[in-house]
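For reference, the chains in residue letters:
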Amino acid sequence: MHALQLETYKLTKRFGSFTALDDVSITVRPGTVHALLGENGAGKSTLVKAIVGYHRPTEGSVLVDGREREIGSPVVARELGLGMVYQHFTVVPGMTVAENLLLARGTLPMVVNWKVARAELQAFMATAPFQLPLDAQPGDLSAGEKQKLEILKQLFLKPRLLILDEPTSVLTPQEADEVLGALRDQAHAMDCSVLMITHKFREVMAYADDVSVLRKGALAATGRVADQTPVSLAAAMVGEGASGVVTQPKWTREIREPGDVKLAIDTLEVMGDRGEPAVRALSLSVRRGEIVGIAGVSGNGQRELMQALAGQRARLSGRVTVDGQAFLARRAENRVRKVRALPEEPLGNACVGPLSVAHNMALRSFDELPWARGGLVRWGALRERAREWIAEYGVKTQGERAPIRTLSGGNVQRAVLARELAGEAELLLVSNPVFGLDFAAVAEIHGRLMAARNRGAAVLLVSEDLDELLTLADRIVVMSEGRIVHDVPAAEATRQSLGAFMGGKHDGGH
Ligand SMILES: Nc1ncnc2c1ncn2[C@@H]1O[C@H](COP(=O)(O)OP(=O)(O)OP(=O)(O)O)[C@@H](O)[C@H]1O
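How each quantity is defined
- Residues numbered from 1 in each chain as written.
- Predicted model: local features only at pLDDT ≥ 70, side-chain atom pairs only at ≥ 80, totals over all residues.
- Core = buried A, V, L, I, M, F, W, Y, C linked by C-beta atoms within 7 Å.
- Buried ≥ 20, exposed ≤ 12 C-beta atoms within 10 Å, placed from the backbone.
- Helix = DSSP H or I, 4+ residues; strand = E, 2+ residues; numbered from the N terminus.
- Contact = placed C-beta atoms within 7 Å.
- Near = placed C-beta within 6 Å.
- Nonpolar A, V, L, I, M, F, W, Y, C, P; charged D, E, K, R; others polar.
- Pairing = 2+ DSSP bridges.
- Axes fitted to C-alpha atoms, helices over the stretch in contact; angles between N-to-C directions.

If you check an unreviewed UniProt entry, the protein chain appears there as ABC transporter ATP-binding protein from Pelomonas cellulosilytica.

As a further point, take the nonpolar core. Counting 76 residues, the largest nonpolar core has A415, L427, L428, V459 and L461 as its most contacted members. Ranked by the residues each element gives to this core, the list is headed by helix α15 (residues 439–454), at 7 residues. Apart from the residues lying within four places of it in its own chain, the contact partners of A415 are V357, N360, M361, V395, I404 and L407. One finds I26, L155, I163 and V238 within the second-largest nonpolar core, a separate group that totals 65 residues.

Residues in contact with the ligand amount to 18 residues; listed here are only the nearest, A20, N40, S45, T46 and S408. Only β2 (18–28), α1 (44–51) and α14 (409–421) provide two or more residues apiece to the shell around the ligand. Residues belonging to the shell around the ligand are distributed by class as follows: 5 nonpolar, 10 polar and 3 charged.

Strands sit in the order β16-β19-β20-β13-β21-β22 across an open sheet of 6 strands; the sheet is mixed. Each edge of the open sheet is held by one strand with a lone partner, namely β16 (339–342) and β22 (483–489). With direction set aside, neighbouring strand axes in the sheet form an average angle of 15 degrees. Sheet strands in contact with helix α9 (residues 302–309) are β13 (290–295), β19 (427–431), β20 (458–462) and β21 (475–480), and its direction is about 145 degrees off that of β19. Seen against the sheet, helix α17 (residues 495–502) touches β13, β21 and β22 and runs at an angle of roughly 30 degrees to β21.

Right, let's talk about the sheet that holds strand β10 (residues 218–224) for a bit. Spatially, the 6 strands line up as an open sheet ordered β6-β7-β8-β3-β9-β10, and their pairing is mixed. In the strand order of this sheet, the two ends are held by β6 (82–85) and β10, each with one partner. Neighbour to neighbour, the strand axes of the sheet diverge by 15 degrees on average, direction disregarded. Direction of pairing for strand β7 (residues 161–165) relative to strand β8 (residues 193–197): parallel, over a ladder of 5 bridges. For L164, the partnering residue across the bridge sits in β8 and is M196. On the sheet, α1 packs against β3 (33–38), β6, β7, β8 and β9 (210–215) and is oriented at approximately 150 degrees with respect to β7. Sheet strands touched by helix α8 (residues 230–238): β3, β9 and β10. Its angle to β9, the strand with the most contacts, is close to 30 degrees.

Written out as structure tokens, the structure reads:
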């Protein structure tokens, strides 16, 4: 029998005086999909990292097939057949998909017989739940495709238990169903057991056999999914008595006519990482008080477009204006035009991990008045402001001096959002803003974006989540192969109609 049984027994993890994981005992039955739910900061990542030897538990133990095991490192975990797909990407840039898959084994043979290796990889791909081109470079892959590569890397190792941290957060609904369906089939065929962190109740109800809920580090519920409802799960996540509030969106869309054009993009051309055209003759404008959503299958130029707008990628030709003035995303222009960006994976793209929360919150403004005077940075005042933001945005951190990389994903996102929304941003460039967040954080962040729009900010929102676009956007455009192929008021759009354009259909005639 290949799929294994995993138990944690009274597992506890403390960081200093803080208890991130408190006496947690769960059982993943062989050949099942076990979902792990909890709010941001509840301890889900800490639990799985303790299982795979990335964290050493302070107390308690891990049992594999009923035997207590000392898992001192991820290498030991792998030898026991435990595979882990992390939330952040671990693909090696500059290496192809094929090379990344081979590297997943952790050892490189002295001589690679590429003919044999290639045949093996092709055979693996043929039976894999989803396909990627073996010769593609990670730089060419969208967030969704990178996520698939992370999963393929682990499946290639034929694990007996596969642990996934938010595997579907950057996948389209169709891709998510494809991936989760395939994982469930593998589990039920006893190929491997699956332990999966997710924030999506729909996925738990549709694909998981068992579920455990963490709240503030402790086990709040565990058992069969069949015995649960989304309401009972939500109540377990946030605590009894609070369950009534969880489904209420915290924001409203004010009815308003869009104002002047804030951002105008005119026949913009941008190259991809391999020098291929990624954005082609793209024209688009965003008005004040309007959220324009960009839908599309990942990898159709959205990433390159947003990077070009934010000044992180060269523009080949075309013109970008903000307030009618040429815009190159220089620091001074961003300040004067009040342009702010929330890139995907903010820990890697918008933060300096080892620096404190306060330092990261100050990155935009530490050298400006009133925070710097006569060449001196007023760190005391910046720390004070950081404390205010931490309270206002509900950032869960052990303090403003904690390194930002010790925060959970949702809390990094909130910290970056506090920084980027400060000073009445007038143009927000946002990419997949709720990647990996629980429903409370999603509602919170959507509320912040809507509030910015309601007070007249222009928002350009790239999302691979159609539901997010249908909820938030005033207007939705679809990008396909670097072009805009469809442009529709959000109120007239449906998942089906957008999906057809995402699949390559074009608006006729022009
Ligand atoms: N290395 C560390 N040092 C100090 N505190 C930590 C460390 N790692 C995690 N924590 C804290 O432990 C708590 C639990 O974090 P964890 O990442 O496990 O939450 P999570 O449930 O996975 O959240 P999310 O859904 O946002 O990813 C958080 O308050 C976090 O700040």
